[in-house]
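Structural overview
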Amino acid sequence: MSPIIWRIEHFDEIDSTNTWLAQRALEGAPEGLVAVADFQSAGRGRLDRRWESPPGASLLCSILLRPNVAPDQLQLVVACVALAARAALVRLSGVRPALKWPNDLIVGDAKIAGLLAEIVAVDERLAVVVGIGVNLTHEGPANVVSTSVRAESGVTITPPALLDILLDELEARRASLDSSDGQATLRDEYQRALVTLGRLVRVERTNDVLVGLATSVDEFGQLIVVVNGEEVAVTVGDVVHVRVPEGEQS
Ligand code: BT5
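Residues numbered from 1 in each chain as written. Predicted model: local features only at pLDDT ≥ 70, side-chain atom pairs only at ≥ 80, totals over all residues. Heavy atoms only, no water.

**A short note on the overall build of the protein chain**
Regarding its fold elements, the protein chain presents five helices and 12 strands. The C-alpha atoms of the protein chain give a radius of gyration of 17 Å, which matches the 18 Å a tight globule of 250 residues would have. The principal-axis extents of the C-alpha atoms in the protein chain amount to approximately 50 × 45 × 35 Å. Within the protein chain, the fraction of its 250 residues that count as buried is 52%. The positive charge centre, built from 22 side chains, and the negative charge centre, built from 34, are 2 Å apart in the protein chain. (Helix = DSSP H or I, 4+ residues; strand = E, 2+ residues; numbered from the N terminus. Rg over C-alpha atoms; globule rule 2.2 N^0.38 Å. Buried < 20%, exposed > 50% of the residue type's maximum accessible area, 1.4 Å probe, protein only. Lys, Arg positive; Asp, Glu negative; His and termini not counted. Charge placed at Lys NZ, Arg CZ, Asp CG, Glu CD.)

Below you can see the structure in the form of C-alpha cells.
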C-alpha cells in the first residue's frame, strides 16, 4: 500500500467533525482526509449520546479510511485507530490506557478517550469515518468516571501534537486492515490491549442483558462472552466490567 497522504482540515468550532467528514466521504473524498476541531457544539457519542469538551482541551478529530474490510468488520477499524491512539499517548506522555471493548480508552476505570466509527458508504471499499475524542487537559463531565492525560501524567499535550503522532501510529497499522494476515496481527495487538478480556461483563444489548466471562475477540472484532458455558459473539451493546476474577490484575 502506498503511504497515506493525510490532509488535515482544522476548525475553530464545528458541530461534529464526524458529521462534516461523513459528508465529504459521500462526495468522494479520498482516504486520509482528517477533520480536527478546537470545539464541537454537538459532539456525538454512540446511540445519540453527547461528547463534551471545552475549547482546546481535547483532541477532537475524525479520520476517513477506505479499508478493504467487510461492513461486519467495522470493529477492527475501531481497534486499529484505538491502538494507534494508545501508542501515541504512550510516546508523548507515558500514559498507557487500556482498551475497553468496544470503543473506550480507559485508565483504571476512568474514560480518557472514546471512539465513534461510522460506515458512510459501502462501495468497492467501505468508507469509514472514525472519530476520536481524547481528554488532554479537561477531565470530562463531572457525572462521568473520566480523566485526562494531564491528570494522569502531569504532561500537557497539545491537540496538534497528539494528532501528528496518532497519524504516524495509524500509518504503521493501516495496511494491516487490507489483508487477512494483517487483520490477525491487529487482532493479536487488540486482544493484548483489551482489559475487557478475562473479566466478568454485563452486556446491555438492545433487547436483553447478558452476564458472562469475556474471553476473546473473533476475526470480526466481536467480543466473545461465555454465558452459561455457551460462547456468544457480542456485536452491539454497552459493556460494563463487573469485577476482576480472583488473582487477576486490573
Ligand atoms: C464515545 O461514545 O465514547 C464516542 C466519543 C467520540 C467523540 C469524537 S470527538 C470527534 C468526533 N466527532 C464527534 O462528534 N464524535 C467524535 P459513547 O461510548 O457513547 O460515550 C459517550 C458517553 O461518554 C457520554 O454519554 C458521557 O457519559 C461520556 N462522556 C462525554 N464526554 C466525555 C469526555 N470528554 N470524557 C469522558 N467521557 C465523556
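**Some remarks on the environment of arginine 205**
Residue position: arginine 205 is located in the loop between strand 8 (200-204) and strand 9 (209-217). Overall, arginine 205 belongs to the partly exposed group, its relative accessible area being 28%. As a C-alpha pair, arginine 205 and glycine 237 span 32 residues in sequence and 4.4 Å in three-dimensional space. Non-local contacts of arginine 205, meaning those with residues more than four positions away in its chain, are made with Leu210, Val232, Val236 and Gly237. (Contact = heavy atoms within 4.5 Å.)

**Focus on the domain arrangement of the protein chain**
In terms of domain boundaries, the protein chain breaks down into domain 1 (7-193) and domain 2 (200-248). Between the C-alpha centres of domain 1 and domain 2 the distance comes to 23 Å. Listed as interface residues are 14 residues of domain 1 and, on the opposing side, 14 residues of domain 2. Carbon and sulfur atoms supply 53% of the area buried between domain 1 and domain 2, which totals about 1100 Å² over both sides. Ranking the residues of domain 1 by area buried against domain 2 places Lys100, Trp101 and Arg187 at the top, with a combined share of 49%. Counting across the domain 1 and domain 2 interface gives zero salt bridges. In this structure, the connection of domain 1 to domain 2 is made through three residue pairs in polar contact (both at pLDDT 80 or more). If you list the elements that add at least two residues to the side of domain 1 that touches domain 2, you get helix 2 (74-93) and helix 5 (180-193). When residues in the side of domain 1 that touches domain 2 are grouped by element, the largest group, three residues, is from helix 5. (Domains from an automatic or database assignment. Buried area = accessible area lost by both parts, 1.4 Å probe. Salt bridge = Lys/Arg side-chain N within 4 Å of Asp/Glu carboxyl O. Polar contact = N/O pair within 3.5 Å; in protein donor to acceptor, adjacent residues only side chain to side chain.)

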